[in-house]
Amino acid sequence: MDDHRPDQAPLTDAALREREERRELIERLRLYEERALVEVVPETVGAVTIRRVVTERQENVPITLRREHLEITVREHTGGQATLNGEELEVGRVYEVPLYEERALIEKQVYPLNDVTIAKEARVYTQTQEITLRREELAVEDPQGLVRERTMPNPLDPDPTL
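Residues numbered from 1 in each chain as written. Predicted model: local features only at pLDDT ≥ 70, side-chain atom pairs only at ≥ 80, totals over all residues. Heavy atoms only, no water.

(A) Just the overall build of the protein chain, in detail. Looking only at helices and strands, the protein chain has one helix and four strands in total. Starting at the N terminus, the α and β elements of the protein chain follow one another as α-β-β-β-β. Looking at the protein chain as a whole, 5% of its 162 residues qualify as buried. Contacts in the protein chain between residues far apart in sequence, at least 24 positions, make up 71% of those at least 6 positions apart. Accessible area for the protein chain stands at about 18,500 Å²; split by element, carbon and sulfur atoms hold 49% of it. (Helix = DSSP H or I, 4+ residues; strand = E, 2+ residues; numbered from the N terminus. Buried < 20%, exposed > 50% of the residue type's maximum accessible area, 1.4 Å probe, protein only. Contact = heavy atoms within 4.5 Å. Areas by Shrake-Rupley, 256 points an atom, 1.4 Å probe, with all protein chains shown as cover.)

Here you go:
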């Protein structure tokens, strides 16, 4: 019970010492309570490997090329002859002399295909966990009903036993 009442003055040091001398300590009880201690444990729940993969494909690319040649055809005429590199050309036959020819020279150029952004984001959230915590409390049983509130005399009041 509360030994100090608002309508009473606080006990002086001398009155407190006198009171302690009259009291006999029987036992002290320490009451305990549980408190939640939360430890946040990092846990890797997933991982990915990011890499570039090069694939190949075969593709047919149409290329238009041009050639030029000279055609020589000998017709029958009397009196003349035609030669090519010192050899006589036959009458009625067609000879071709290449003049111009295009060849395909293939180069490959790299162009951007996609821009990919890879980012990591941390999100903070609050998780509520319901736990049961225990606490000890003092319980006094008085089957005979002897417990009553004690009123402390005010040390400034005159002693009633005088």
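(B) Looking closely at a nonpolar patch on the surface. A contiguous nonpolar surface patch, about 520 Å² in accessible area, is contributed by Leu29, Leu31, Leu138, Val140 and Val147. Within the secondary structure layout, Leu138 lies in the segment after β4 (94-101). (Patch = residues over 30% accessible without salt bridge, like charges linked within 9 Å, V, L, I, M, F, W, Y side chains within 5 Å. Salt bridge = Lys/Arg side-chain N within 4 Å of Asp/Glu carboxyl O.)

(C) Inspection of the environment of Thr83 at higher detail. Mapped onto the elements of the fold, Thr83 is located in strand β2 (residues 83-84). The residues touching Thr83, leaving out its near neighbours within four places in the chain, are Glu88 and Leu89.

(D) Unusual backbone geometry, seen in detail. Non-glycine residue Asn85 carries a positive phi angle of around 55 degrees. Checked against the element boundaries, Asn85 lands in the loop between β2 and β3 (87-88). The exposure class assigned to Asn85 is exposed, which follows from its relative accessible area of 77%.

(E) Examining the layout of surface pockets more closely. Volume-wise, the largest pocket comes out at about 640 Å³. In this structure, the largest pocket is lined by 13 residues; those nearest its centre are Thr55, Arg57, Glu59, Lys108 and Gln109. Partitioned by chemical class, the residues of the lining of the largest pocket number five nonpolar, three polar and five charged. (1 Å grid on protein atoms, 1.4 Å probe; cavity = no way out; pocket = protein on both sides within 12 Å on 5 of 7 lines; lining within 4 Å. Points joined across faces, edges and corners; volume = space filled by probe spheres on them. Nonpolar A, V, L, I, M, F, W, Y, C, P; charged D, E, K, R; others polar.)

(F) Examining the pattern of salt bridges more closely. Inspection of every chain in the model, using the stated rule, returns eight salt bridges. Where Glu33 meets Arg35, a salt bridge forms, and the shortest distance between an N and an O atom there is 2.9 Å. The class for Arg35 is exposed, based on a relative accessible area of 64%. For Arg123, the salt bridge identified is with Glu121, shortest N-O distance 3.4 Å. Comparing Arg123 with Glu121 shows no difference in burial state: the two are exposed. One continuous salt-bridge network, built from bridges that share partners, spans Glu33, Arg35 and Arg135.

(G) Seen up close, the environment of Glu136. The topology assignment puts Glu136 in the segment after β4. Dropping the residues within four chain positions of it, Glu136 is found in contact with Arg30, Leu31 and Tyr32.

(H) Looking closely at the confidence of the model for the protein chain. When the pLDDT values of the protein chain are averaged, the result is 85; 86% of them are 70 or greater. Counting contacts from residues 1-5, a segment whose pLDDT is below 50, to residues more than four positions away or on other chains yields eight contacts. (pLDDT = per-residue confidence, 0-100.)

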